[in-house]
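What the coordinates show
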Amino acid sequence: MRSICFYFQVHQPYRLRNYRFFDIAEKHDYFDDYNNSFIMRKVAAKSYLPMNKVLLDLIGEYGSAFKVSFSISGTAIDQFEQYAPEVLDSFKRLADSGNVEFLSETYAHSLSALTSKTEFQRQVRMHSDRIEMLFGQKPVTFRNTELIYDDNIGEAVADMGYKLMLTEGAKHVLGWRSPNYMYANAARPELKLLLKNFRLSDDIAFRFSQQTWSDWPLTTEKFVDWINQSDEKEEVINLFMDYETFGEHQWEETGIFDFMRALPGRVFSHSDFGFATPAGLAAKLQTVSPIHVPNTISWADEERDLTAWLGNDLQDEAFGKLYALKEKVVECDDTQIQKDWLYLQTSDHFYYMCTKWFSDGDVHKYFNPYGTPYDAFVNYMNVLSDFIIRVDENTKLGENGFSEVKGAATELFDKTGLAVNKTLKKTNKKLRKTIGKTKDIKFEEIKDMSNTAVKKLLKEIDVEEITAALKGAENEVVEKILPNLGIRAKKKYDEMQSELKKINKKEIAGYRKKIEDKLSDLFRK
Amino acid sequence: MFGWEFPPHITGSLGTACFGLTKGLSKHDVDMLFVVPKAYGDEDQQAVRIVNASEKTFDLKDEEYKEFWTRVKYMEIGSNIIPYVDPQEFRKVYDENEKTAEQYTSNVFSKQYEFSGTYGLNLMEEVARYALIGSSIAAKEPHDIIHAHDWLCYPAGIAAKKASGKPLVVHMHATEFDRTGGDVNRIVYDMEREGMQAADRVITVSNLTRKIVIEKYGIDPGKVVTVHNAVDQEVSKEIMRIKTKMKEKVVTFLGRITFQKGPEYFIEAAYKILQKDKNVRFVMAGSGDMLNKMIERVAHLRIADKFHFTGFLKGDDVSNIFALSDVFVMPSVSEPFGIVPLEAMRSNVPVVISKQSGVAEVLNHALKIDFWDVDAMADSIHGLCNYNGLSRMFKKYGKIEVENLKWENAAKKVKEIYLEVI
């Protein structure tokens, strides 16, 4: 039995917010949360959820006879989790049916295959792990962003152990050959290639609702007739398209869901075709010939080349400046930097900078948040400029190596050591002072007191007592007190000198004790 | 006085200059009637409207505000005249609006102009209509002298002169040669020349403009007088943003991105500097018909990570960009005066200006270069970025210099001119 192979691409980019020059080095939130969530919710409601239901119903009806495959980009998965978790659940139900294959791609839906094998393979592994965790199946088929392919990319994919890859059945590559066979990479024959039948795919994806098309309206009868017209020896019809075709590019009102609901029944009743997944075909079909693709192809536009993403100055500058960071970013230990690095690589950012379709209303313009490619470029570069600053700051230490860190650490220790010593000394001093003050104050200590303190003391004590206490006292103490006595007090002091002989030592000690008590009252804390 | 815009809705430096001049004149006891064309959207009902002081909102201190409005009577005329648009452009804009029935907004303008279709299809008809109203105002309102700003108002000035027989002073803020770089629109040129020929005195904003007026328009040198522009001394509330964490020096271009302003020379100078010094960022603020070409050039030179575009800046963002800048550059190919460098200097930013600007005649503390001399421009920028002594000196003395450029002084000269011809 011959096969129809459906592969649907599910992808949403993280669109950038309006990021101004003034934000550079100030703000590091790059993405338009509102718009991203709004678009995700809208597309989920119009396309993902209803179409998933159609597929689940078909699988329910036909069992293992009906099969499809999906590739879901990492940025789409992240946004499902953030904004529309119910979509992920419904994909999980599809996975549980066992009739759905999930393909492998770059996590960020990036163009990394064109510039860095390391980054490319890193992202592929990251995506593969994510898919396995979510859907319980490790992807065995690879599809690159926008079906971008050439001989070298094929080799890089073969190096990772993949046995099958999907790409475009570009006319200028195939020549007279048909896309409806299994081909292989020219250098690595173990990597099989399935090529998109772009005529039949685009009949559904682009022309379905085009009323100017001579074959409009497209019915399952017509479509199955066309499939039957293919040569009997041809083995597979590859129908590859964006999943948003259903309900978003082609609105529900066009009848696209009804068409898909009816298609399998018509195929089973009116043709010798069945449905297969890419992995199923890889196991079943032999390659008919290797295919040489020296120049990179994609599934975009008439040209089927890279000019939608790269080639003009805006795109090349942005792309070049972004990937100039690839070695540095690997060293960054900041998870937000790692995340932003992925999201900034998404091919859509470069697509918005394309100057090819200035005039015609393209299907992609529908999703383009910018008015002109120049706006897109300026905004992206503002974001990238900030990102470069962050990466530079994060990797500064790494650049200068261990000795630098050690030097910095030593210096830090020295500085802290000094500071600790200083504080310690200060505390000791304070402590001693406090302890000193808790002790009683001796009479002799008067000599060290300030004049203010002495005056304060004299106010509290009778002149007679002072005079008595000073008898036989140290000169220094006497000299401290006398200048602080008032005129009358001084007079009294002088008058009393003659009477002092009568006072004995014990009495003197008594007066001094009294003064000491007073001192303690006054000055002790 | 015939103008075409007045604060607070200013679209270019002409409005600022007119406002400064009228304020200056009011201090010298000159009474004024200021007439501007303006689209309201309800032109059918009223063609002429006298605007009361209470309807205008200004950021002025009360005292000054009152004093100003005792001297100035302000009148708006329903019209579609758009500043800074040549006849072809006007036609294009008009047609586009005809098709889409949408409002015309442009980044260059801070105000929306509505096209109701009530008026003539081309700009010249609008100008003629403005002139007609001008003559009727001149017949009704008592005055001693007529003062018209730039070519769109000249027919109005001439008509007013015919109606009242009073002397006419025309004010050349820019010539068609400055605006187009030689690819002169004949109609506009003729209108400028007729205005100046009919005038009793021609005021030019710089000697540079005076020379063009004499040489290219054949106006009698005896009646052409230069009165340099000044700068508003009221310090708008100072927004001293803390300098961002951006470590590099910031070099700024601010102005319309058109041929006249020489943006491409700024980019080439930036490229030269960035080849040697990675510690600089360049900013091009503004919008205009050459913006996309400039973005492409920057991308082509692969310097877009250090060269940024902000689009048109409004309000506080202008002060913010000055607060962020270390050097301001005005590489104009032909600039009758050029007031923006003065605003930069007032914000403590040292400036590099082209010798082909009128403002170069009044400034000492600015580095002056030929607009085409990209090497010299790069040198000057690099010097101001890296030699602190130089930039410190320019900041300090530049500010003083600007503070001495008062509208009051300019207005005094204008009043003297009035007195000569009355």
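Residues take numbers from 1 onward in each chain, read along the sequence in its written order. The lettering of chains begins at A and the numbering of ligands begins at 1, in the order of writing. Given that this is a predicted model, residues contribute local features only at a pLDDT of at least 70 and side-chain atom pairs are listed and counted only at 80 or more, while totals for whole chains, interfaces and linings are drawn from all residues. The side-chain values count all of the structure's non-hydrogen atoms but skip hydrogen atoms and water molecules.

Here the focus is the overall build of chain B. Helix and strand definitions here come from DSSP, where helices need a minimum of 4 consecutive H or I residues and strands a minimum of 2 consecutive E residues; each element is numbered from the N-terminal end. Tallying secondary structure elements over chain B gives 15 helices and 13 strands in all. As presented, chain B carries roughly 17,800 Å² of accessible surface, and 49% of it is formed by carbon and sulfur atoms. Per-residue accessibility takes into account occlusion by the displayed protein chains alone, with areas from the Shrake-Rupley method and a 1.4 Å probe.

A few words now on the pattern of salt bridges. All names here are of chain A. Salt bridge criterion: a side-chain nitrogen from Lys or Arg within 4 Å of a carboxyl oxygen from Asp or Glu. Throughout the structure, instances matching the rule amount to 47 salt bridges over all chains. Here Asp57 ties to Lys53 by a salt bridge, and the two come within 3.1 Å at their closest N and O atoms. With Asp57 and Lys53 both in helix α1 (residues 33-62), this residue pair falls four residues apart, about one helical turn. Partly exposed residues are those whose accessible area sits between 20% and 50% of the maximum for their type, while under 20% is buried and over 50% is exposed, using a 1.4 Å probe and protein chains only. For Lys53, a relative accessible area of 51% gives the class exposed.

Residues and elements named next belong to chain A. Taken as a whole, helix α5 (residues 151-159) has its buried residues at Asp151, Ile153, Gly154, Ala156, Val157 and Ala158. Looking at the buried residues of α5, the elements they touch are α4 (117-135), β4 (141-143), β5 (164-168), β6 (182-185) and β10 (289-291). Where α5 begins, the capping side chain belongs to Asp150, and its oxygen is found 3.1 Å from the backbone nitrogen of Asn152. Just past α5, the residue Gly161 takes up positive phi, approximately 95 degrees. Contacts are assigned to residue pairs that have any heavy atoms within 4.5 Å of one another. In protein, a polar contact means a hydrogen-donor-capable atom and an acceptor-capable atom, both N or O and within 3.5 Å, with residues adjacent in sequence counting only if both atoms are side-chain atoms; elsewhere, any N or O pair within 3.5 Å suffices.

Quick look at the environment of Gly20 of chain B now. Assignment of secondary structure puts Gly20 of chain B in helix α1 (residues 13-27). Taking the C-alpha atoms as reference, Gly20 of chain B lies 8.4 Å from Glu408 of chain B; in sequence the two are 388 residues apart.

In this section: a nonpolar patch on the surface. On the surface, Met393, Tyr397 and Ile400 of chain B cluster together to form a nonpolar patch covering roughly 260 Å² of accessible area. Considering the arrangement of structural elements, one finds Met393 of chain B in helix α14 (residues 388-403). Candidates for patches are residues over 30% relative accessible area with no salt bridge; among them, like charges are joined within 9 Å and nonpolar side chains (Val, Leu, Ile, Met, Phe, Trp, Tyr) within 5 Å.

So, on to the nonpolar core. Judged by nonpolar contacts, the single largest core of 132 residues is most densely connected at Trp309, Phe377, Tyr380 and Phe387 of chain A together with Phe282 and Phe307 of chain B. Ranked by residues supplied to this core, first place goes to helix α15 (residues 373-438) of chain A with 12 residues. In this structure, Tyr380 of chain A is in contact with Leu16, Ala318, Leu322, Leu344, His349, Phe350 and Met353 of chain A, ignoring residues within four places of it in sequence. One finds Val169, Val202, Ile219 and Ala411 of chain B within the second-largest nonpolar core, a separate group that totals 57 residues. By convention a nonpolar core is built from buried Ala, Val, Leu, Ile, Met, Phe, Trp, Tyr and Cys residues, the set being connected through side-chain atoms within 4.5 Å.

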